[in-house]
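What follows is the residue order along each chain.
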Amino acid sequence: MSIQWFPGHMNAARKKAAEAMEKVDLVIEVLDGRLPQASCNPMIEQLRVFRQRPCLKILNKSDLADPAVTQAWLAYYNSQKNVHAVALSCKKPSDVAKIPGLCLKLAPHRGTPLKPLRMMIMGIPNVGKSTLMNALLKRRVAAVGDEPAVTKVQQRLYLGNNMVLIDTPGMLWPKIAHPSDGLMLAASHAIGTNALIEEEVATFLADELLIRYAPLLAARYGIKTEGIDGVSVIEGVALRRGFRLKGGDLDLEKAAHTLLQDYRTGALGRISLETPQTRAALLARHQEEIAQRLAEAKAEAKAEAESDDQDNQDSTR
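Below you will find a few notes about this structure. (Residues numbered from 1 in each chain as written. Predicted model: local features only at pLDDT ≥ 70, side-chain atom pairs only at ≥ 80, totals over all residues. Heavy atoms only, no water.)

## Concerning the side chain of Arg264
Part 1 of the argument: Secondary-structure assignment places Arg264 in helix H11 (residues 252-265).
Part 2 of the argument: No salt bridge is formed by the buried Arg264; the nearest opposite charge belongs to Glu198, separated by 4.4 Å.
Part 3 of the argument: There is a polar contact of 3.0 Å between the side chain of Arg264 and the backbone oxygen of Ala186.
Part 4 of the argument: Every residue in contact with Arg264, bar those within four places of it in the chain, is listed here: Arg34, Leu64, Ala186, Ala187, Ser188, His189 and Glu198. (Helix = DSSP H or I, 4+ residues; strand = E, 2+ residues; numbered from the N terminus. Buried < 20%, exposed > 50% of the residue type's maximum accessible area, 1.4 Å probe, protein only. Lys, Arg positive; Asp, Glu negative; His and termini not counted. Salt bridge = Lys/Arg side-chain N within 4 Å of Asp/Glu carboxyl O. Polar contact = N/O pair within 3.5 Å; in protein donor to acceptor, adjacent residues only side chain to side chain. Contact = heavy atoms within 4.5 Å.)

## Considerations on the sheet that holds strand E6 (residues 163-167)
Part 1 of the argument: Taken together, six strands build an open sheet; the order of strands is E3-E2-E1-E4-E6-E5 and the sheet is mixed. Each edge of the sheet is formed by a strand with only one pairing partner; in this case those strands are strand E3 (83-87) and strand E5 (155-158). The sheet shows a mean angle of 25 degrees between the axes of neighbouring strands, taken without regard to direction.
Part 2 of the argument: The pairing of strand E1 (residues 26-32) with strand E4 (residues 117-123) spans five bridges and is classified as parallel. If you follow Glu29 over to E4, its bridge partner there is Met122.
Part 3 of the argument: Across the face of the sheet, helix H2 (residues 42-51) comes into contact with E1, strand E2 (55-60), E3 and E4 while running at roughly 160 degrees to E1.
Part 4 of the argument: Here helix H5 (residues 99-106) sits on the sheet in contact with E1, E2, E3, E4 and E6, set at roughly 150 degrees to E2. (Pairing = 2+ DSSP bridges. Axes fitted to C-alpha atoms, helices over the stretch in contact; angles between N-to-C directions.)

## Regarding empty space enclosed by the protein
Part 1 of the argument: Per the stated rule, a full pass over the model turns up one cavity of 30 Å³ or more.
Part 2 of the argument: Empty space within the largest cavity amounts to approximately 40 Å³.
Part 3 of the argument: Lining of the largest cavity is provided by Asp32, Leu35, Ser39, Lys61, Ile124, Pro125, Asn126, Val127, Leu185, Ser188 and Ala190.
Part 4 of the argument: Looking at the lining of the largest cavity, its residues break down into six nonpolar, three polar and two charged. (1 Å grid on protein atoms, 1.4 Å probe; cavity = no way out; pocket = protein on both sides within 12 Å on 5 of 7 lines; lining within 4 Å. Points joined across faces, edges and corners; volume = space filled by probe spheres on them. Nonpolar A, V, L, I, M, F, W, Y, C, P; charged D, E, K, R; others polar.)

## What about the environment of Gly227?
Part 1 of the argument: With respect to the helices and strands, the residue Gly227 is situated in the loop between helix H9 (214-221) and helix H10 (230-241).
Part 2 of the argument: Each C-alpha atom of the pair Gly227 and Leu210 lies 9.5 Å from the other, and the pair is 17 residues apart in sequence.

## Overview of the packing of helix H8 (residues 198-212) against H11
Any two packed helices are characterised by how steeply their axes cross, that is the angle between the axes, and by the distance between the axes.
Part 1 of the argument: Remark: H8 packs on H11, axes separated minimally by 9 Å, with the N-to-C direction vectors making an angle of 55 degrees. With respect to H11, the axis of H8 lies oblique. Relative to H11, H8 is oriented so that their crossing is left-handed. Side by side, H8 and H11 meet where Glu198, Glu199, Val201, Ala202, Leu205, Ala206 and Leu209 of the first sit next to Leu252, Glu253, Ala256, His257, Leu259, Leu260, Tyr263 and Arg264 of the second. (Parallel < 35°, antiparallel > 145°, perpendicular 65-115°, else oblique. Left-handed = near helix turned anticlockwise from the far one by under 90°.)

## A closer look at unusual backbone geometry
Part 1 of the argument: Even without a glycine there, the phi angle at Gln52 is positive, about 55 degrees.
Part 2 of the argument: For Gln52, the location among the structural elements is in the loop between H2 and E2.
Part 3 of the argument: The backbone phi angle of Asn161 is positive, close to 55 degrees, even though this residue is not glycine.

What follows is the structure, encoded as structure tokens:
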């Protein structure tokens, strides 16, 4: 299953973000701490690098993520040039209070009355940008909801202490290259429900949880996880919770929704869907697939050329 979701307002938001990037000093990119790289928009990275803007990467929802995996991601990002990463929860005022100071360290030449620090908050839908904005300004200035793409227009707001915030709508990118990224984003509620089938997303999630978090599944639903697959997990949830349709069949749709909600809210436990190591392995497989496709295309072109040469030789006889 390949999930793609790029509503029209996101294309307009991308153009406006590219224009605004020229006039900001740094980018605050909000990531989902459970899937940092899958939730990192390559368009944002391209714009930021092109303009040579430093970046504060916020691994939000870190209270829902696996702590050991989060530490590995922080080390990964903090090794990059012009990047500082921090793990926090945008719902905790004490965490949010650290952000202005971190931003000033990344742009020490700004933050004066003559040169206010101009910060652009960016990220994918439903990752917590609006919650962060409201917490920074200590008042409700951005709509917050448990649905992706709540914010649809760019806003410029004054934080005080010679700081300016520019909030941007959540943006995905036109084509998600890796199917697993689309499924992780869908499981984490960053993609509109009209673009996915919950049972398929939940099955993917269950398969991933069986690999590294099987004890959490067993503890939450009381099911035996040895030798089963994602479909069996969904069936097990339906059985244990008594989810049935009229006629007695298992209500797998309701069970799938329950699993997704338990993951999203943290009821299952602290879970990370990717690590720097699994990400590197994914990219390596992707490069191998590209190389294989290129080799097959070259072999096919060579075979066609040889066939054409043979036909030409036959026609001249």
